[in-house]
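Breakdown of the fold
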Amino acid sequence: MHPATLVGVADSDGTMVRTPAPARAMLFLYWHSFANRVRSQAARVRSPRYLIAVALGALYLYWALFRNTRMGAAPLAGFLTSNITMVVGSTLLLVSSARWWIFGADRSALAFTPPEVQFLFPAPISRRGLIQTKLLRMQLAIFFNTIIFSVVFRGNAAQLATWERGLGWWMLFSTLAMHRVGASIVRANAIEHGNSGRRKAVLPVVIFGSLIAAVVFGIVTEIPALRAAATGGIKSLVAGITLALDAPIPRYALLPARVLIDPIMNSGTPAWALSALWSGLIVVGHYFWVVRLDASFEEAAMDATAVRVERIQRVRSSQMGQARSKKGKLAKVPSLSLSGRPEVAIAWKNLAAALRGGAWRSQLIMFVLGLTTLAVVTRSASSRAGDAFIGVTIGWGAMLLFLGPLWMRFDLRLDLPRLAVLKTYPLPGWRIVLAEIAAVTLLHSITVWSLMSVPVVMFIQDPQLFLESGATVPILVSIVVGVPAFNALMFTIQNGTALLFPAWVRLGTEARGFETMGQNLLTTGATTLVAAVALVFPVGLAALVLWFTNDWGGWSVLAATILASGIIIAELWPVLHWLGTVFDDTDVNEVVGSA
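The rules we used
- Residues numbered from 1 in each chain as written.
- Predicted model: local features only at pLDDT ≥ 70, side-chain atom pairs only at ≥ 80, totals over all residues.
- Heavy atoms only, no water.
- Helix = DSSP H or I, 4+ residues; strand = E, 2+ residues; numbered from the N terminus.
- Buried < 20%, exposed > 50% of the residue type's maximum accessible area, 1.4 Å probe, protein only.
- Contact = heavy atoms within 4.5 Å.
- Areas by Shrake-Rupley, 256 points an atom, 1.4 Å probe, with all protein chains shown as cover.
- Salt bridge = Lys/Arg side-chain N within 4 Å of Asp/Glu carboxyl O.
- Phe/Tyr/Trp six-rings, centres within 6.5 Å; stacked < 30°, edge-to-face > 60°.
- Axes fitted to C-alpha atoms, helices over the stretch in contact; angles between N-to-C directions.
- Parallel < 35°, antiparallel > 145°, perpendicular 65-115°, else oblique.
- Left-handed = near helix turned anticlockwise from the far one by under 90°.
- Patch = residues over 30% accessible without salt bridge, like charges linked within 9 Å, V, L, I, M, F, W, Y side chains within 5 Å.

This paragraph deals with the overall build of the chain. Check the secondary structure of the chain and you find 24 helices and two strands. Counting over 595 residues, the chain shows a buried share of 44%. For the chain, contacts bridging at least 24 residues in sequence account for 78% of all contacts bridging at least 6. Counting every atom, the chain has about 31100 Å² of accessible surface; 69% of that belongs to carbon and sulfur.

This is the structure in structure tokens:
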């Protein structure tokens, strides 16, 4: 054992005996693990590929995080001072917290790695010490997350308001992380101890269920006013919903969440100190609550670790995270012919993984049912409400196009840890890369196409609307044509990044918590920037077609979309061949977890 992990203790005859110091041992372990990881990542920069990525990444971070502070108020600065942000943000926080209690929190919040279980659990470390270790490890991700959000939302290190806002973000993310851990422990303990454990878990479910009911009550009681507000457009409707949730009953239900958001909203004002004090009390209260759950933590952590290991095994066997049914069967997938092109077999494997473990089919069905229900309700309320929901649907579709590739990972980001197996396939690398991207492109295109159920349902409700909208059919057909090409571009960027920098990209499908929102924000921005560069030529030519035809709502839209899609595919073709060369040249040892 390293001398730094020992302390001197005098025995009965006064002789100094060196005994283990768990806290020092833990700090020694994590500090040197962190240092070794930084050293190994720095060693990769010797590669020209990683060196160029570091240079471009530094320029991007400078532009995304610091350049906006020199241009006056950042674009998102006013977002934090809006009452709509407070109401919507507190509602989302309440719903997220309630989901952990009612439907169960993610067990990965408790899981340790198998080596940690083998070395830490038998060590002379108390259960409370293990909890504190888990919370301490979360703080590194929370710290970077805090910096990113503080700077993006008008951050300037020379201003006191930035530091105050940063402290507010830290308290918010720390509270959410501890709350998720605490909910996981309580839920796991309830499952472990049967009826007695479930009785202890009933109270939080009742409390959060009541809070959600209070928020719903605030909306339901204002339905007549919301219908009237909907006639004024989307802004009027949002303002009406904000007023409904600002009424006394829903406001009191959202009070804990509002207290957490207050320091962020009040930064730079005299009210910040008091709001930070109340938010700090919530953070301290969560800490003492979580560490007092030490009696249940070890069993819950061991169980969560076992679940993680089992999930990894299912991922490697193409079952993803889906356990078998009570009859021992997995979800049915389309049959595959015994003969045919091998790329189809690779794409089929990824489709099977999404259908079996990703629950993509059930989520799509629920998604379509929810959309059609809301379409019927809003269109029945008023034409303005229906138009507003169409606008929301368009916004959601745009978000899916850019964020969907981050969520749907049934491609090389899932299979790269098994690079040694992939290299045994008798196929050139570019065909493997193409097959990996094709499956997720198809699945995500179907997801985006499902949004068209909204206008279809509204047309069925009001056929006159279809007759009056002559541009609708060309636009819908253009969406069907253009979405796959755009998705292929986005998934090529994501898979290319994973293939070029496997040591820096998160592989697999394991979910992450609020601690990584900042990293995801930067990743989305970088991906969007690359996509924007790739789209300059296709979009420019499509715009020229529409300008020459002077037909911005007819069938010229479809012609422009076909042209742009063809150019995107032409751009991707050499990129796929190049990525295939990278795949062939990638060494198995470059990918963590490859076997």
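With that settled, the discussion passes to the environment of Leu 172. Relative to the assigned elements, Leu 172 resides in helix α6 (residues 160-192). Sequence separation between Leu 172 and Asp 262 is 90 residues; the distance between their C-alpha atoms is 9.9 Å. Not counting the four nearest positions on each side in its chain, Leu 172 is found in contact with Leu 93, Leu 260 and Ile 264.

A few words on the side chain of Ser 565. By the element assignment, Ser 565 lies in helix α24 (residues 556-585). Exposure remark for Ser 565: the relative accessible area of 10% places this residue in the buried category. Excluding its chain neighbours within four sequence positions, the residues that come into contact with Ser 565 are Val 481, Gly 482 and Ala 485.

Our next topic: the pattern of salt bridges. With the rule as written, the count across this model stands at seven salt bridges. In this structure, the salt-bridge partner of Asp 246 is Arg 251, at a minimum N-O distance of 2.6 Å. With a relative accessible area of 24%, Asp 246 lands in the partly exposed category. Look at Arg 251 and you get partly exposed, because its relative accessible area is 36%. Two residues, Glu 343 and Arg 341, come together in a salt bridge whose shortest N-O distance is 3.3 Å. Sharing partners across several salt bridges, the network here consists of Asp 246, Arg 251 and Arg 258.

Further remarks concern the packing of aromatic side chains. Scanning the entire structure with this criterion turns up five aromatic pairs. Ring centres 5.7 Å apart and planes at 15 degrees place the aromatic pair Trp 169 and Phe 173 in the stacked group. Within this pair, Trp 169 and its partner Phe 173 are both found in helix α6, separated by four residues, close to a single helical turn. For Trp 169, a relative accessible area of 8% translates into the label buried. Between Trp 430 and Trp 573 the ring centres are 5.5 Å apart and the planes differ by 70 degrees, which places this aromatic pair in the edge-to-face class.

Across the interface, helix α22 (residues 472-500) lies against α24 with an axial gap of 9 Å and an inter-helix angle of 20 degrees. Classified by the angle their axes make, α22 and α24 are roughly parallel. For the crossing formed where α22 meets α24, the hand is left-handed.

With that out of the way, let us pick up a nonpolar patch on the surface. On the surface, a nonpolar cluster with roughly 690 Å² of combined accessible area is contributed by Trp 31, Phe 34, Val 38, Leu 140, Phe 143, Phe 144 and Ile 147. Among the elements that take part in the nonpolar patch, helix α5 (residues 127-152) stands out by supplying four residues, more than any other. Assignment of secondary structure puts Leu 140 in helix α5.

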